[in-house]
Amino acid sequence: MRQSRRTFIRAVGASSIGAIAASAGATTATSEVSVTGGGSDIWDEADEFHYYFAELEGDFDVVVRVDDQEHTDEWAKAGLMARASLADDAANVLVRTTPGHETSVQWRPAAGAEARSTTSEAGEGISAVDGGTLDVRWQRLVRTGETVRAYGSEHPGEWTLLAELPGDELELPGELLVGLAVTSAASGTRNTTTFSDLSGVSPTHNGDVGSVSAAGSVSDPESQPVEPTPPPAETPAVDDGQVLINDVSALSPSSPIAVSDGFADLEWLTEGPLAVVRVTNLNADGEGSFKWACEVGYDELENGDAGRRIIVFEVGGVIDLADTDIQAERKHIYVAGQTAPPPGITIVRASKPGLEFDEENQIVQHIRSLPGDEISDPADAIVAGDNAHNVVFDHCTALWGTEESMSVNAGSVSENFTFSNNLLAEPLFDSPVHSSDDTRAYGTLLGNDADRLALLGNLYAHTWSRNPRLKGGTQATVANNVWYNFERGSSLGGDVDAPNYVNYVGNRYIAGDASDTGRPIVYTYQSGGPDLNVHVGENYLDEGYTMLEEHSGPFVVHDDPIETYWPDGFTPLEGDPYEQVLANAGARPAERLEVEERILASVENRTGSIVDSQADVGGYPDLEPTYRALEIPDGDISGWLAQHTRAVERGEVPPGEEPPEPDAPDVTGDGNPAQDLTGDGRYEDVTGDGQFGFNDVVTFFDEHTGETVQNNVEYFDFSGDGRVGFTDVIALFERL
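Description of the structure in this document. (Residues numbered from 1 in each chain as written. Predicted model: local features only at pLDDT ≥ 70, side-chain atom pairs only at ≥ 80, totals over all residues. Heavy atoms only, no water.)

1. Here we look at the packing of aromatic side chains
- Taken as a whole and judged by the stated rule, the model has 20 aromatic pairs.
- Judged by centre distance (6.1 Å) and plane angle (70°), the ring pair of W400 and Y620 falls under edge-to-face. Remark: Y620 occurs in the loop between α4 (594-605) and β45 (626-627) and W400 occurs in the loop between β28 (397-399) and β29 (406-408); sequence separation between them is 220 residues. Summarising the burial analysis for this pair, W400 and Y620 share the class buried. (Phe/Tyr/Trp six-rings, centres within 6.5 Å; stacked < 30°, edge-to-face > 60°. Helix = DSSP H or I, 4+ residues; strand = E, 2+ residues; numbered from the N terminus. Buried < 20%, exposed > 50% of the residue type's maximum accessible area, 1.4 Å probe, protein only.)

2. Structural notes on helix α6 (residues 694-703)
- What α6 keeps buried is the set D696, V697, T699 and F700. Seen end-on, α6 carries its buried residues on one side only, within an arc spanning 165°. Away from its buried face, by an angle of more than 90 degrees, α6 presents the exposed residues F694 and D702.
- In this fold, the buried residues of α6 make contact with α7 (707-710), α8 (713-716) and α9 (726-735). (Arc of directions from axis to C-beta. Contact = heavy atoms within 4.5 Å.)

3. Some remarks on a nonpolar patch on the surface
- A cluster of nonpolar residues, F694, V698, F733 and L736, forms a patch on the protein surface that exposes about 380 Å² of accessible area.
- By secondary structure assignment, the location of F694 is in helix α6.
- Its relative accessible area of 52% is what places F694 among the exposed residues. (Patch = residues over 30% accessible without salt bridge, like charges linked within 9 Å, V, L, I, M, F, W, Y side chains within 5 Å. Areas by Shrake-Rupley, 256 points an atom, 1.4 Å probe, with all protein chains shown as cover. Salt bridge = Lys/Arg side-chain N within 4 Å of Asp/Glu carboxyl O.)

4. With respect to the packing of α6 against α9
- Running from amino to carboxyl end, α6 crosses α9 at an angle of 180°, the nearest separation of the two axes being 10 Å. With respect to α9, the axis of α6 lies roughly antiparallel. Contacts between α6 and α9 pair F694, D696, V697, F700 and F701 from the former with F726, D728, V729, L732 and F733 from the latter.
- Counted by class, the contact of α6 with α9 contains 8 nonpolar, no polar and 2 charged residues. (Axes fitted to C-alpha atoms, helices over the stretch in contact; angles between N-to-C directions. Parallel < 35°, antiparallel > 145°, perpendicular 65-115°, else oblique. Nonpolar A, V, L, I, M, F, W, Y, C, P; charged D, E, K, R; others polar.)

5. Focus: unusual backbone geometry
- Each neighbour pair has its own omega, and for K352 with P353 the value is 0°, a cis peptide bond.
- Tracing the backbone shows P353 in strand β23 (residues 345-357).
- Here the residue pair N467 and P468 is connected by a cis peptide bond, since its omega of -10° sits within 30 degrees of zero.
- With a phi close to 55°, R349 is a non-glycine residue in the positive phi region.
- With respect to the helices, strands and loops of the structure, R349 is situated in strand β23.
- Judged by its relative accessible area of 22%, R349 is partly exposed.
- Despite not being glycine, N480 has its phi angle at roughly 60°, a positive value.
- If you trace the backbone, N480 turns up in the loop between β36 (475-479) and β37 (482-484).

Don't take any of this as a statement about function, it's just geometry.
Next comes the structure, spelled out in structure tokens:
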């Protein structure tokens, strides 16, 4: 153990808390000391508390007794802490005593991560005692190598292990800030906690961490106060190669259903700079590839470790993964497929697990994924993996999946998903990729116990089953989607003994050649078991369909939407969503591929069928590669991004490009359009023969009231009065 003034100054200086003059203290037991702290909590992704601490390097063994703690809140916290820095989102471990609960352990595994504890679901496997708590007053925190152990006791020397945290669970540097932390867990209120018999560290400094409104203090007169971390500037500094997104509406400037309408929270995009990662080739892997852009570590990027990234594309065409996969296991990824030049990004032959996004805070827009059957293992077209949470798939096209088209593989943290404006079609039914006698053609699966999936404005076509399949313990809102040509609708429950909560509102169900209208849309295989809570609002069904299976089973029907599982602020479309969904679904509604147009036509014409192979419907698309260098503005790119989004959704002009010249009107109808010979925007060469003469005046006199001229006033308003009439004939004659 070594206390170092030099390294301490460096550590706290990096946290913007000002210069500190400190000296190492003894590590023998201290007498009683009181720490007063405010703050809302030490929890989630950022903390607010008062800290009495010193810097320790290497191994340590620290002990204290919590004598008395004010009851400002049942979750007010006091105890030993080891912390990477004074940043409010720093990695840390805390042995916590609370007024309303027994002593337990909590930790933040890495900077910016969600906190865990021995009493939370995410950390219960770490607890060394039943229930994760002990009724004790003595605390002990020990680091040996990369492992931290926390203990509790009623009597010193009789220690019980509470938790053991290895280096892969808690990422702490060699030099730490170690001491006593107190939070009132009640913003604007102070909590005073008295400690005694502190040994193993002699705190030298104290200060508030985070945005604490009621400043804290300590009773030790020798402790040096630390200036609080200043709040971030309104516009944070942005390094080269980094950008800001200050307005999340830039992701949905033109769609009637916005990305923000679902359960996923987009605010992480606005919380600081994003590193720009450019996709510059269509290779399956390697630097500059889409796989590389999704999987490369932040510390490997040349433009700095921003902790967030936006992936943009300077290339368009087909990415053939050739029986490999993409597993995006980095937090805070935004895939902006709308930045690719036409025809956009189309991924083919992705094998199990497929195109997988498997972490916190991930957004994918305007991408196509078409696995097909030229792979060795079945794969979803697009999937949120076991570790995924707060994930958006919006305006994507998912065809020819050999598992589901788009799904959530639930894990312990699976919550808050938005699937919106996607085209999900033609998953393969009887494919050679499947085992013998195994048929699929599935739409969407929400795995066991996954919390809060919003399915909004999606088009499902030729999906035989799982439309969607919502397994036991799941919650969802299914609204404003269109289904065409399916046999089995939405199956609820099963696999785990937990209730479901689902809202079905404003969906359209259309029969095709695979449909069985005698089957209810919403059904279950459960005859009893946990409740299946459903609200069935106004939906639009082809003749013969019923919405809900009628039997005495476990369905509990709610007259009103189940508000707890309805996205905040979402207002469904009025009436039948059919026209809106068909106009907006898919990766690039303004630039659809031939295969997408074929599927849309099959829905409109009530044709098409379930397919066994992409080869049955024309095979993988063959697209010429395209390239476009992106000129990304400095600072906030919200407007730039919105313009790219409108380009692929509405056909508007993308940033940096001039609108195409309009077709000149053919006044005479002989195939020779009128011409502007002077460059003033007026078409004086009415006949289109390349000359301006008397014949043009005569022709204009004959045609100036006709439809062609009147529909192109801006080209023939020679008098400048905003309309075309005889005065313009005179004005043209005067030009001659």
